[in-house]
Amino acid sequence: MIGFLVRKIFGSKNDRFLKKLRPLVAKINALEPEMQALADEELPQRLAVYREQVQNGEKDLDAVLPEVFALVREASTRVLGMRHYDVQLLGAMALHNGKIAEMKTGEGKTLVATLAVILNSLEGKGVHVVTVNDYLAKRDAEWMGRLYNFLGLSVGVIVAGLSDEQRKEAYGADITYGTNNEFGFDYLRDNMVTRAEARVQRGHHFAIVDEVDSVLIDDARTPLIISGPVPKGDDQMFEQYRPAIDHLYNLQKNLVTGLLAEARQLIAEGKNDEGGGKLYRAHKGLPKYKPLIKYLSETGVKALMQKTENTYMQDNNRRMPEITDDLFFVIDEKLNSVELTDKGHEVLSKYFNEDGFFVMPDIGAEVAELEKSDLSAEERARKRDEVINDYSIKSERVHTVHQLLKAYAMFEKDVEYVVMDNKVKIVDEQTGRILDGRRYSDGLHQAIEAKEHVKVEAATQTFATITLQNYFRMYHKLAGMTGTAETEASEFWSIYKLDVVVIPTNRPVVRDDRQDLIYKTKREKYNAVIEEIVKLVEAGRPVLVGTTSVEISELLSRMLKLRNIKHNVLNAKQHQLEAQVVAEAGRSGQVTIATNMAGRGTDIKLTPEVKQAGGLAIIGTERHESRRVDRQLRGRAGRQGDPGSSQFFVSLEDDLMRLFGSGRIASMMDRMGLKEGEVIQAGMMTRAIERAQKKVEENNFGIRKRLLEYDDVMNSQREVIYTRRRHALYGERIEIDL
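None of the values given here were measured: they were computed from a predicted structure.

**Q** I keep staring at the overall build of the chain and nothing clicks. Help me out?
**A** In terms of helices and strands, the chain carries 31 helices and 20 strands. The C-alpha radius of gyration of the chain comes to 29 Å, within 12% of the 27 Å expected for a compact globule of 738 residues. Considering only C-alpha atoms, the chain reaches an extent of 90 × 80 × 55 Å along its principal axes. Looking at the 738 residues of the chain, the share that counts as buried comes to 54%.

Rendered as structure tokens:
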């Protein structure tokens, strides 16, 4: 209440920051006639004068900001035919101040960046513009390059497949475009070279990160790793042990099928305690088992299971063994872990015909025994090597079995990964993009390859690694822009010390954001989605359908084919078509199915008849685990004052609702007496779903923070080693370092 009153009287922090910038906007606008009077060749000459003043120390960047912005705006109008709006000037000032500018989709972020980029390039230390993929890096460098070249500035672009010479040249330019991975890997490679002239980067002065939430938050969960071969890298046991895990997984599946059938019968007979126990045991065994998920969406069943769970978790999980002892392995979806039980150990030991398969030798005790023995020194050394060798073989076997079990129990094809060209490729869960060149570490990728019967690649070792958080924290000044950052503002501040500034839109947003439609089962939900698409196509509106996985996008595609509705599918498997598909998504009656549209970077332009019909319709087939990604999907409609609508379809079987939807949601649905085929649309339910999303966001933030804490320890070592290495390369301070 007090906070609300303070904001009412003094305005929010955001309002105060924007208020401070408005006089500068007026100043830039007042300079417009002067810039319009200059001839084409005078504009680059005038910029060269400002550059000289900045580099000589006569003026700082803030002092020349109004003149430079006015000059760039005029040059852009002449070269690109685009004049920066006043709100775009505000966005560029936020970037120059080292902040994140949140600007809605279609507000022209690519153009906004040019103002801050050109101003900061005057220092001559290089400006990096970071994008999410090679296509956008090339597109923006060529598109905006016309403006930079007109003003006498050089532009470089870093993409995969360049030689060292080409990279060096691109980094030597005033402005360098590239992807986060390319910048990060170049930094690591620069610290592995053996000759000073082989280094390509020249420093980390100022970076503007496009789709900053995608780069600094989503991609930040996996570190960048340069790896290389290890001796005997092909000596792996994944193929050898796969049949055993296949056998174990099938045993568990048959067990869970039986448990579920028994639980159904007992609950139908009113024996809730007994039935609840069996149901909970089935859930601990295979939580993603589809018949189980379907049964849990029936009235009262989820609430009963949660009640059973509370009973067994009391007193620090004291009674949990009663549930888990009968299973072969236990899965914890929230913690993303799987653990073999004693029964599982027993089955595998029998399968391998070796009782002590999982018993690790006590290496310390055995070596101590050897030391006490009367053996000769040579004999003792040989025996010690045998003990160590035996231990490493057994630990490698156990590790292989655990990773295979994880591959079978936790990783689903077409959700976490896809198989293309006989290779397992990771799919980014946030954006639906394929993470080319990335592999799961610690043998997990090899385990998935064995599971999918594709070639198991050789084991590798890490040569150099860095998290994206620590790479971007090296920049003297960092800024970013995106359509959605506000919900993650606290993370941006706590990790990167970046403030989020919400820039107003050029025209008011008139998009109709509707309350979620909540169904009991996925089947009903998908049928309702198809009916809605048919209705919208008949009305002549384009439809963009957002899905959370490749599997769902392919399912909806099959359902639309049955109804003879023409559509495009954009998922991790059709990555190359991205820009073309998005450009067509605004045509009348066009249906586009996309695994997450986050950061796609291409605008959906609408024709006049589409605007007349009601604009682009957004359909979300599931709430994503992050509110930010849902906002990104909604934001594809309603750009620059266009009409549009957005509607999310949710079912109680969705992952978010299963894992993080509180017991209150299930009991609310039970109280409302939701029958099969019925739908609920209530603000209270939408808010409950957003609370579940908040829970997941906090969870994911915890994961990223932990990863960073581990890397911080390594980072301090990395800085010392890399600094000494640099000194040695350039022959500096060697006496001191030695």
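**Q** Can you walk me through the environment of P23 in this structure?
**A** Examined against the element boundaries, P23 turns out to sit in helix α2 (residues 13-30). Overall, the relative accessible area of 53% leaves P23 in the exposed class. Linking P23 and T521, residues 498 residues apart in sequence, is a C-alpha distance of 55 Å.

**Q** I tried to follow the pairing of strand β19 (residues 616-620) on my own but got confused; where do I start?
**A** Along a regular strand, successive side chains alternate from one face of the sheet to the other. For β19, the tally of buried residues reaches 5 of 5 residues, placing the bulk of the element in the interior. Across the two faces of β19 the burial is the same, with L616, I618 and G620 and A617 and I619 all buried. By the bridge criterion, 4 bridges tie strand β16 (residues 543-547) to β19 in an arrangement that is parallel. Paired with L544 across the bridge in β19 is I618. In this structure, β19 lies alongside strand β20 (residues 644-651), joined through 5 bridges in parallel fashion. Paired with I618 across the bridge in β20 is S646.

**Q** Can you walk me through the environment of Q612 in this structure?
**A** Among the secondary structure elements, Q612 is positioned in helix α26 (residues 608-613). Residues Q612 and D642 lie 30 residues apart in sequence; the distance between their C-alpha atoms is 9.9 Å.

**Q** Hey, could you run me through the packing of aromatic side chains in this one?
**A** One pair of aromatic rings is described through two measures. These are the centre distance and the angle between the planes. Per the counting criterion, the structure on display carries 17 aromatic pairs. Centroid distance Y187 to Y471: 5.8 Å. Interplanar angle 55°. Geometry classified as tilted. Taken together, the residues Y187 in helix α10 (residues 180-190) and Y471 in helix α21 (residues 468-472) connect sequence positions 284 residues apart. Here Y187 and Y471 have matching classes, each one buried. The structure contains a cluster of three or more aromatic residues connected by ring pairs, namely Y187, Y471, F472, Y475 and Y722. Directly above the aromatic system of F648 lies the positively charged group of R623, at a separation of 4.9 Å from the ring centroid.

**Q** Got a minute to help me understand the nonpolar core in this structure?
**A** The nonpolar side chains of soluble globular proteins are, as a tendency, buried together. Formed by 56 residues in total, the largest nonpolar core has its most connected members in L47, V68, F69, I118, L122, L151 and I503. Sorting elements by how many residues they give to this core places helix α5 (residues 61-79) first, with 9 residues. Those residues in contact with F69 that sit more than four places away from it in its chain are I28, L89, A92, M93, L115, A116 and L119. Counting 55 residues, the second-largest nonpolar core is a separate cluster that includes Y249, V256, V347 and V398.

**Q** It is not clear to me how the pairing of strand β12 (residues 477-482) should be interpreted in this structure. Could you clarify?
**A** Within β12, 5 of the 6 residues are buried, which leaves it mostly tucked inside the rest of the structure. As defined by bridge partners, strand β5 (residues 206-210) adjoins β12 across 5 bridges and the pair is classed as parallel. Among the inter-strand pairings, F206 is bridged to a residue of β12, identified as K477.

So, how was this worked out
Residues numbered from 1 in each chain as written. Predicted model: local features only at pLDDT ≥ 70, side-chain atom pairs only at ≥ 80, totals over all residues. Heavy atoms only, no water. Helix = DSSP H or I, 4+ residues; strand = E, 2+ residues; numbered from the N terminus. Rg over C-alpha atoms; globule rule 2.2 N^0.38 Å. Buried < 20%, exposed > 50% of the residue type's maximum accessible area, 1.4 Å probe, protein only. Pairing = 2+ DSSP bridges. Phe/Tyr/Trp six-rings, centres within 6.5 Å; stacked < 30°, edge-to-face > 60°. Lys NZ or Arg CZ within 6 Å of the ring centre and 35° of its normal. Core = buried A, V, L, I, M, F, W, Y, C linked by side-chain atoms within 4.5 Å. Contact = heavy atoms within 4.5 Å.

This is a description of form; function is not addressed.
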